[in-house]
Amino acid sequence: MTTHDSYASATETTEGRVYSVTGGDWDSLVTEIGQTKEERVVVNMGPQHPSTHGVLRLVLELEGETITEARAGIGYLHTGIEKNAEYRTWTQGVTFVTRMDYLAPIFNETAYCLSLEKLLGITNDIPERASQIRVLMMELNRISSHMVALGTGALELGALSPMIFAFREREKVLDVFEMISGLRMNMAYVRPGGVAQDLPKGAVAKIRETVKELRHNFKDNEKLLVGNTIWMKRTQGIGYLDLAGCTTLGITGPVLRSTGMPWDLRKTEPYCGYEDYEFDVITTDTCDVYGRFLIRMQELEQSLRIIEQACDKLEKSEGQPVMVADKKIAWPSQLSVGSDGMGNSLDHIREIMGTSMESLIHHFKLVTEGFRVPTGQAYAAVESPRGETGVHLVSDGGTRPYRVHFREPSFNNLQATSAMAEGGMIADVIGAVASIDPVMGGVDR
Amino acid sequence: MSENNGMFGASGSGDTSGFGGLVRSAANVGSSERPYGSYFDEVADELERAYPEFNSAIEKVVIDRGELTLHVKREKLFDTAMKLRDTQSLRFEVCLGVSGVHYPEDKNRELHAVYPLLSMTHNRRIRLEVSVPDSDPHLPSLVEVWAGNNWHERETWDMFGIIFDGHPGLTRILMPDDWPGHPQRKDYPLGGIPIEYKGATVPAPSERRSYR
C-alpha cells in the first residue's frame, strides 16, 4: 500500500528508504514500515520535539522498540558567547556568561567571577556580605532550576500536573530575583569583586516569607510523585549509570550523587563561605532516574535551609560593603532598581555630572576601558544544579579576556545519553535525558 | 606571549590620545622552583616516582595563583595521563574536558590544549597543558583514558582545529559539518560579515576601534 500522504512521504536514498514525518497520519506510515523487510529503523528525534528537553537532536537506531544505538546531535543553540566575550571588557563578560545556562544564570556569573577574582588575586578581599548574597542567590537559583527540571521532566513522561505546581513555585523565586536585581532571568547581578548592588529594603523579610510558602508548597509535588506507582514504574531502573561510568564520563551533580557518591563542591571545595552553612549532601544508590528525581526533590529542602542561614547572616551584616574596596576594580557606583529594571543610581549620576570631575573621569575610564588583569590563567568551579560549572580564564594582561572557556555540566553530562539509553526501550530515553537535565543554552554556549 | 601597541585599536589615523607610542608586552608565566607548596610537591614527587620518564615528559611546572600546571610534551601526554589516572597515590579519575587556547605570537607553540584534572579520592586538582605548532596540530586523544573527553575534544577540534589522533569520531560538534575555519582562533574574525543597517555599514566587532 503506497497511498500518498503529504505529511508522511517516503523517498529512496542510498542508505535505504527515508520517511519524513511532520505530523498527521501515523497509521499509513506504520503500515508502510511494517511491510518492509528491514528490522533496523533509524529514528531522528528532534531538534524540534516536545520531549527532547530543548533543541536536542537524538539519532536512535531501533530494533523493534529497543534502542541499539543512541547518538545526540547538538549545536542548534550555539551562540559563540566564548568568542564574543574576548571582544568585551572583563565586567561585560558577566552579561554574556549569564546567558549560557539560562536556567542557572547566577551560577554562571559566580563561577566566572570566582575565576576572575582568582586571576586578579583578590579572592580573600571579597566582602563577607557579597559572598552571603551570592550564596543566597545561588540557592534560590538552585530551587528555580530544580523546579524546571522536575516539572518538565514529569511533563515529558506524560505527567502534566507537577509542571503546573513546579512553575508556580519557580515564579515565586523569580519574583525575589526581580525584587533584588530588577530582572527575573539573566540578571548579570554577580560582578567581579562582589555584586552589582546591595539587597533592597525589606528583601530579607520577603525571602523569609517566600521560604515559608515554598516549604509548604513543595509538599504538593511530593504528594504527586514520590511513591506514585505510575511515576515509579516509568523511572525506576531506567537510565542506569553507575559510579565507574560517571567518573570516566566526568559526570557530576545529581547524576553522580545518584550512585551513592556524596560529591558536592560546596562541601569538598567550599567557595563563597559555604563551609559556614549547615546542610546535607543528598545521595541515593539506585543509579536510576527515580534516584535522581528524589535527589533534586530533597535538595530543595537543603537549599531552603541554606537560604535561612544566609538570611540570618545578612541581617547581621546589614550595611557592610558588597563590593571589593579596591577602586581600580570595583564598579564606580552601586546600581539601583527602578521601575524599568536595574540602572545607575541617581545619586551617582548627580555626583559625576554635577559635583566631581574626578568621579566622572574615574567612572568613564572604568566603565569604557575596564580594568587590567595580570597575565596568567585560572580555573574555578561551583556546584551548579547540574554539576560542576568550571570556568577557565586566560588573560594576556589586557582589559579583555584572552580566552573564556566554560566547562558546562550540561554539555559534559549529555554524553551519558548513549550509556543510559542503549539497550533500553525507546520510551525510556526521554526519562534518561530528562534526568540528566541538560539545558541546551549551556550545552551549546 | 603577545605585544600591544598604543591604547586604542586605531592605526594610521591620528591617535591624539598620546598613548600611540605605548608598547606593552605580555609574557608567559615562568616555571616555578621547589618547594611548590600545598599538595603540589607531593603530586610532583608521586608522579616522578611512578613515571620514570617524568623529566623528559614535563617541560615545566608552573605554580600560579594557587594552581599547579604541568606543561607536558605532546608525545608523552597519553602516558602521563595514564599514570596520573592509575597511580594509587595520584588517582586523577576525572578530566574536566579540554580548553583550547590560541597564541598566534607563540611561534611553533601556537595552539595550546589545557586539561583540568580532578582527583575525587584525594580531593586535588591539577592542570595539564600541551602545546602544538599550528603547522602540525596533532595531539593524542585522551578518550581512551577518560571517555568523557570525547565531546570536549570534538569541540576543541571544531573551535581551534587541533586534531586529536585516535579519537573515535572527530567531527564538528557545535558548528555545522561543512563550516569553513575554526571560529575561536585569534585569526578568525568575530562576526566576519559586515552588518548593514539603513545604508550604513557596521564593521564586525573585532574591526572596531576599542581599548586594548
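Everything in this summary refers to the structure shown in the same document. Counting of residues starts from 1 at the beginning of each chain's written sequence and follows it residue by residue. Working convention: letters from A go to chains and numbers from 1 go to ligands, in the order in which they are written. With the structure being a predicted model, the display of local features is reserved for residues of pLDDT at least 70 and the display and counting of side-chain atom pairs for 80 or more, all residues being used for whole-chain, interface and lining totals. Side-chain metrics in this entry use all non-hydrogen atoms of the structure; hydrogen atoms and water are not considered.

Focus on the layout of surface pockets
All names here are of chain A. Whether a set of points on the 1 Å grid over the protein atoms alone is a cavity depends on a 1.4 Å probe fitting there but being unable to get out, while an open set qualifies as a pocket with protein on both sides within 12 Å along at least five of seven lines; lining residues are those with an atom within 4 Å of a point. Grid points are joined across faces, edges and corners, and a volume is the space filled by probe spheres set on the points. Reported here for the largest pocket is a volume of approximately 1300 Å³. Lining the largest pocket are 32 residues, and of these Ile33, Val41, Val42, Val43 and Asn44 sit closest to its centre. Strands are runs of DSSP state E lasting at least two residues, helices are runs of H or I lasting at least four, and both sets are numbered from the N terminus onward. Contributing elements (two or more residues each) for the lining of the largest pocket: strand 2 (16–21), helix 1 (26–35), strand 3 (40–45), strand 4 (57–63) and helix 17 (426–436). Taken as a whole, the second largest pocket holds about 960 Å³ of empty space.

Observations regarding the packing of aromatic side chains
All names here are of chain A. What counts as a ring pair is set by centres within 6.5 Å for rings of Phe, Tyr and Trp (its six-membered ring), and what kind of pair is set by the plane angle: stacked under 30 degrees, edge-to-face over 60, tilted for all other angles. A full pass over the atoms with the stated rule returns 8 aromatic pairs over all chains. Seen in terms of ring centroids, tyrosine 274 and tyrosine 277 are 6.0 Å apart; in terms of plane orientation they differ by 55°. Their pairing is tilted. An identical accessibility class is assigned to tyrosine 274 and tyrosine 277; each is buried. With centroids separated by 5.7 Å and ring planes inclined at 35°, the aromatic side chains of tyrosine 290 and phenylalanine 293 adopt a geometry described as tilted. The buried label applies to any residue whose accessible area, calculated with a 1.4 Å probe on protein chains only, is under 20% of its type's maximum; exposed applies above 50%, and partly exposed to all values in between.

So, the sheet that holds strand 4 of chain A
All names here are of chain A. Reading across the sheet, the 3 strands line up as 3-4-5 and stay open at both edges, with antiparallel pairing between neighbours. Each of the sheet's edge strands pairs with one partner strand only, and the pair in question is strand 3 and strand 5 (66–73). In this sheet, adjacent strand axes meet at a mean angle of 15° when their direction is disregarded. For two strands to be treated as a pair, DSSP must find at least two bridges joining them. Bridge count for strand 3 against strand 4 is 6 bridges, and the pairing is antiparallel. Between the N-to-C directions of two axes lies an angle of 0 to 180 degrees, each axis being a line fitted to C-alpha atoms and, for a helix, fitted only over the stretch in contact.

With respect to the environment of leucine 119 of chain A
When you line up the elements, leucine 119 of chain A lands in helix 4 (residues 105–120). Relative accessible area serves as the criterion here: at 1%, leucine 119 of chain A is assigned to the buried category. Separated by 81 residues in the primary sequence, leucine 119 of chain A and proline 200 of chain A place their C-alpha atoms 30 Å from one another. Setting aside residues up to four positions removed in sequence, leucine 119 of chain A forms contacts with Trp90, Val373, Pro374, Gly376, Gln377, Ala378, Leu393 and Ser395 of chain A together with Arg65 of chain B. Any two residues having at least one pair of non-hydrogen atoms within 4.5 Å are treated as being in contact.

Observations regarding the pattern of salt bridges
Residue and element names in this part refer to chain A. Only one rule defines a salt bridge in this text: a Lys or Arg side-chain nitrogen within 4 Å of an Asp or Glu carboxyl oxygen. Applying the stated criterion to the full structure yields 46 salt bridges over all chains. With its nearest N and O atoms 3.8 Å apart, the salt bridge here joins lysine 172 to glutamate 213. Here lysine 172, found in helix 6 (residues 161–181), pairs with glutamate 213, found in helix 7 (residues 203–225); they are 41 residues apart in sequence, far enough to count as distant. Notably, a salt bridge pairs arginine 184 with glutamate 178, separated by 2.8 Å at the nearest N-O pair. The class of glutamate 178 is partly exposed, set by a relative accessible area of 35%. Where salt bridges share partners, they join Glu139, Arg142, Arg257, Asp264, Arg266, Glu299 and Glu383 into one cluster.

Observations concerning the sheet that holds strand 10 (residues 376–384) of chain A
All names here are of chain A. Reading across the sheet, the 3 strands line up as 10-11-12 and stay open at both edges, with antiparallel pairing between neighbours. Each end of this open sheet is capped by a strand with a single partner; those strands are strand 10 and strand 12 (403–407). Averaged over all pairs of adjacent strands, the angle between strand axes in this sheet comes to 15°, irrespective of strand direction. Where strand 10 and strand 11 (residues 387–395) come together, 9 bridges link them in antiparallel fashion.

Notes on the nonpolar core
Buried Ala, Val, Leu, Ile, Met, Phe, Trp, Tyr and Cys residues form a nonpolar core when they are joined through side-chain atoms within 4.5 Å. Counting 160 residues, the largest nonpolar core has Ile74, Tyr112, Leu136 and Tyr189 of chain A together with Tyr115 of chain B as the members making the most contacts within it. Domain segmentation is taken from an automatic or database assignment of domains. For this core, the two domains that each supply at least three residues are domain 1 (8–71) and domain 2 (79–328 + 370–440) of chain A. Excluding its chain neighbours within four sequence positions, the residues that come into contact with tyrosine 189 of chain A are Ile106, Glu109, Ile133, Met137, Ile180, Ser181, Val195, Ala196, Gln197, Asp198 and Leu199 of chain A. In this structure, Val394 of chain A together with Val101, Tyr103 and Val114 of chain B belong to the second largest nonpolar core, which totals 5 residues.

Section: the packing of helix 7 of chain A against helix 12 (residues 289–316) of chain A
Residues and elements named next belong to chain A. In contact at an axis separation of 10 Å, helix 7 and helix 12 are set at 165° when each is read in the N-to-C sense. Classified by the interaxial angle, the pair formed by helix 7 and helix 12 is roughly antiparallel. Seen along the crossing, helix 7 lies across helix 12 with a hand that is left-handed. Mapping the contact onto sequence places Val204, Ile207, Arg208, Val211, Leu214, Arg215, Phe218, Asn221, Glu222 and Leu225 in helix 7 and Phe293, Met297, Leu300, Glu301, Leu304, Arg305, Ile307, Glu308, Cys311, Asp312, Leu314 and Glu315 in helix 12. Oblique is the label for any angle not under 35 degrees, not over 145, and not in the 65 to 115 range, which are roughly parallel, roughly antiparallel and roughly perpendicular in turn. By convention, the crossing between two helices is left-handed when the near helix turns anticlockwise from the far helix through less than a right angle, and right-handed when the turn is clockwise.

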